[in-house]
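# Inside the fold
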Amino acid sequence: MPASQTVGKALLMVTAFGWGLNWSVLKFVLQDWPPLFARGTAGLIGALCVALLAIARGDSLAVPKEARTSLVIASAINVFAWMGFTALALNWLKVSEGALIAYSMPIWAMMLAWPLLGARPTRRSLVALGLSITGMVVLMGGPEFSVAKLPGALFALAAAVLFALGTVKARKPLAMPAPAVAAWQVALGCLPMVVLGLTLEQPHITALSARGALGLAYMAIGPMALCYLTWFGALKRLPTAVAATSMLIVPVVGTLTAVPLLGETLGLRELIAIVLTIGGVALALRRDPARRET
């Protein structure tokens, strides 16, 4: 195995475990601060850290005029909707429920590519869709399901669908250094969260406990800053399909860490749902050897 691929896989594991643990850590912070304000504040701190790193590397933070519209749209869909909606979902859902629904986004990307790009789904893609939907039904339709969980499920599903839409529409990468793109996207997506949080949620700033402050620091430095850099580093060294498939580790890590950290249960129903949902997404991400790159 080439050294670059070894480094890429190591970076990928750091990213997956960092993002997976973030689901459980976010639950801690939500005990002190409301979701939009908490996620937005962590994001702004993380964006500042990435911007300072970009400057230290000698990268320019200037945004080309032709890239501004695309950057704003990507920030709205990939950051504001994704981070904001998943944080809101955890007000009603367990980590296992929110993470599994949210990480079904490759399924929805596949379905959206049909009307938007003319990429008709294959029979295998439809089987993948059926597996993932069955997994989510098993997860949400168990004995603990109640109508009270419906808002959380809808927020998580909306986050997945919107992120998928952003993936389908983003055909060309922005002509900017990766750290600068990450810093701008996170900052532009998280600033409205903080504004809405202050306006609608009216958080008590002093309510943040020591444990919540540690969680906030982790969210800012780990998932928001370090993991974005390791993710871009992995994408430089590995095929996109390999990186995307490996991200299926994220909801598994989130589910497993929630057991000791939050006292959430991991029973047969959750295990069956994980196998079905992750199996369906993995099948959807699998490259068809009969198709050639275009």
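Values in this document were obtained by computation on a predicted structure and should not be read as measured data.

### Focus: the pattern of salt bridges
Evaluation of the coordinates by the stated rule reveals four salt bridges. With a closest N to O distance of 2.7 Å, K149 and E97 form a salt bridge. Here K149 is found in the loop between helix 6 (123–140) and helix 7 (150–169), whereas its partner E97 is found in helix 4 (residues 95–102), with 52 residues between them in sequence. Each member of the pair, K149 as well as E97, carries the same accessibility label: buried. Of the charged contacts, one joins E270 and R269 as a salt bridge, the two residues approaching to 3.4 Å between their closest N and O atoms. Both residues of the pair, E270 and R269, count as buried. When salt bridges with common partners are traced through the structure, they connect K94, R269 and E270 into a single cluster.

### Focus on a nonpolar patch on the surface
Together, L48, L52 and I55 give the surface a local cluster of nonpolar side chains, amounting to about 300 Å² of exposed area. Note on placement: L52 falls in helix 2 (residues 35–57).

### Points about helix 7
Taking 1.5 Å of rise per residue, 20 residues should cover 28 Å, and helix 7 covers 28 Å from first to last C-alpha, within 8% of that figure. Taken residue by residue, helix 7 has G152, A153, A156, A159, A160, A164, G166 and V168 as its buried positions. Here the buried face of helix 7 lies against helix 3 (68–89), helix 4, helix 5 (105–117) and helix 6.

### Considerations on the layout of surface pockets
Here the second largest pocket is characterised by a volume of approximately 220 Å³. As for the second largest pocket, its lining consists of eleven residues, of which I101, M136, V137, M140 and L157 are closest to the centre. Listed by contribution, the elements that provide at least two residues to the lining of the second largest pocket are helix 6 and helix 7. Residues of the lining of the second largest pocket, tallied by class, amount to ten nonpolar, one polar and no charged.

### Focus: the confidence of the model for the protein
Per-residue pLDDT for the protein has a mean of 85; in total, 92% of the residues score no lower than 70. Across the protein, helix 2 holds the top mean pLDDT of 94, while helix 10 (residues 240–246) sits lowest at 70. Ignoring residues within four places in sequence, the model shows residues 289–294, a span with pLDDT below 50, making three contacts including any to other chains.

### Quick look at the packing of helix 5 against helix 7
Running from N to C, helix 5 and helix 7 point in directions that differ by 50 degrees, and their axes come no closer than 8 Å. Taken together, the axis directions place helix 5 and helix 7 in an arrangement best described as oblique. Considering only the axes of helix 5 and helix 7, their crossing is right-handed. For the pair helix 5 and helix 7, contact is made by M105, W108, A109, L112, A113, L116 and L117 and by L157, A160, V161, F163, A164, L165, V168 and K169, respectively. Here the residues of the contact of helix 5 with helix 7 are counted per class, giving 14 nonpolar, no polar and one charged.

Parameters at a glance
- Residues numbered from 1 in each chain as written.
- Predicted model: local features only at pLDDT ≥ 70, side-chain atom pairs only at ≥ 80, totals over all residues.
- Heavy atoms only, no water.
- Salt bridge = Lys/Arg side-chain N within 4 Å of Asp/Glu carboxyl O.
- Helix = DSSP H or I, 4+ residues; strand = E, 2+ residues; numbered from the N terminus.
- Buried < 20%, exposed > 50% of the residue type's maximum accessible area, 1.4 Å probe, protein only.
- Patch = residues over 30% accessible without salt bridge, like charges linked within 9 Å, V, L, I, M, F, W, Y side chains within 5 Å.
- Areas by Shrake-Rupley, 256 points an atom, 1.4 Å probe, with all protein chains shown as cover.
- Expected span 1.5 Å × (residues − 1).
- Contact = heavy atoms within 4.5 Å.
- 1 Å grid on protein atoms, 1.4 Å probe; cavity = no way out; pocket = protein on both sides within 12 Å on 5 of 7 lines; lining within 4 Å.
- Points joined across faces, edges and corners; volume = space filled by probe spheres on them.
- Nonpolar A, V, L, I, M, F, W, Y, C, P; charged D, E, K, R; others polar.
- pLDDT = per-residue confidence, 0-100.
- Axes fitted to C-alpha atoms, helices over the stretch in contact; angles between N-to-C directions.
- Parallel < 35°, antiparallel > 145°, perpendicular 65-115°, else oblique.
- Left-handed = near helix turned anticlockwise from the far one by under 90°.

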